[in-house]
Amino acid sequence: MRAVSRYGESHPSQSMEQGTKRPGSITFLLVGLVLLVSVGGIAFFAPIFECPGLAHSVETQCYFCKGNGRITAFQRWRTGGNLVETWEGKEISEIETMGFRKTSAQNCFALTGLRKGQQITDARQRRACQQLLAEGCFESVEIYVLEHTPPTDKVTVALCVIEK
Ligand SMILES: [Zn+2]
């Protein structure tokens, strides 16, 4: 009698367990996945690396790490682990051009993709140079980023070219 009732009790509960086991494990997997992604995301955007900003050695405010002295894995990936200029991430407030005689300075500057109000980065500066050189009108293209004195969060970008 006992054995039968035990069997009778355990049998439906066992089938119920089997029925709930599948969605349960999927939920567990999803929760695990979400946890993994969020932990990965936090680690990626947590300031864990030493800041490679050159501003630290010249005692000015570092705009790259906002003075924290640490950068995230994302920032490190963006800079390729290279040293970072003191002006990295500053806003372009002025534009100067030199060497334009046959070509229009305004039109050429538009080709660089740089504009006022935009943040200047090492990558953007390099890309802008390459883009203008690719036009084929210039012997050389140089883009200088000039800090204001005393240094602020804004910079002047000077585009200097030698036409062919
Ligand atoms: Zn820094």
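Remember, it's a predicted structure, so these values are computed and weren't measured experimentally.

**Looking at the overall build of the protein**
Then comes step 1: The helix and strand inventory of the protein stands at 4 helices and 5 strands.
Then comes step 2: The helix and strand sequence of the protein, counted from the amino end, reads α-β-β-α-β-α-α-β-β.
Then comes step 3: Within the protein, the fraction of its 164 residues that count as buried is 18%.
Then comes step 4: When contacts within the protein are restricted to residue pairs at least 6 apart in sequence, those whose partners lie at least 24 apart make up 58%.

**Topic: the nonpolar core**
Then comes step 1: With 12 residues, the main nonpolar core is built from Trp87, Cys108, Phe109, Ile120, Ala128, Leu132, Val141, Ile143, Val155, Val157, Leu159 and Val161.
Then comes step 2: Put simply, the parts of the chain that give this core at least two residues each are α3 (105-112), α4 (122-133), β4 (138-147) and β5 (154-163).
Then comes step 3: Here this core gets 4 residues from one element, more than from any other, and that element is β5.
Then comes step 4: Contacts of Val141, omitting those with residues within four sequence positions, involve Cys129, Leu132, Leu133 and Val161.
Then comes step 5: With 8 residues, the next largest nonpolar core counts Ala55, Phe64, Cys65 and Ile71 among its residues.

**Side note on the environment of Leu111**
Then comes step 1: Topologically, Leu111 is positioned in helix α3.
Then comes step 2: Each C-alpha atom, one on Leu111 and one on Glu135, is 9.1 Å from the other, the two residues being 24 residues apart in sequence.
Then comes step 3: Those residues within four positions of Leu111 in sequence are excluded, and the remaining contacts are Gln131, Leu132 and Glu135.

**Overview of the sheet that holds β4**
Then comes step 1: As summarised here, the arrangement of the 3 strands in space is β3-β5-β4, forming an open sheet in which the pairing is mixed. Each having just a single partner strand, β3 (91-98) and β4 make up the two edges of the open sheet. Each neighbouring strand pair of the sheet contributes to a mean axis angle of 20 degrees, computed without reference to strand direction.

**Quick word on unusual backbone geometry**
Then comes step 1: Residue Pro150 follows Thr149 across a cis peptide bond; omega there is -5 degrees.
Then comes step 2: Structurally, Pro150 is set in the loop between β4 and β5.

**Side note on the confidence of the model for the protein**
Then comes step 1: Taken over all residues, the pLDDT of the protein has a mean of 84, while the share at 70 or more is 86%.
Then comes step 2: Long-range and interchain partners of residues 1-5, a stretch whose pLDDT sits below 50, account for 0 contacts in this model, where long-range means more than four residues apart.

Reading the values: rules and limits
Residues numbered from 1 in each chain as written. Predicted model: local features only at pLDDT ≥ 70, side-chain atom pairs only at ≥ 80, totals over all residues. Helix = DSSP H or I, 4+ residues; strand = E, 2+ residues; numbered from the N terminus. Buried ≥ 20, exposed ≤ 12 C-beta atoms within 10 Å, placed from the backbone. Contact = placed C-beta atoms within 7 Å. Core = buried A, V, L, I, M, F, W, Y, C linked by C-beta atoms within 7 Å. Pairing = 2+ DSSP bridges. Axes fitted to C-alpha atoms, helices over the stretch in contact; angles between N-to-C directions. pLDDT = per-residue confidence, 0-100.

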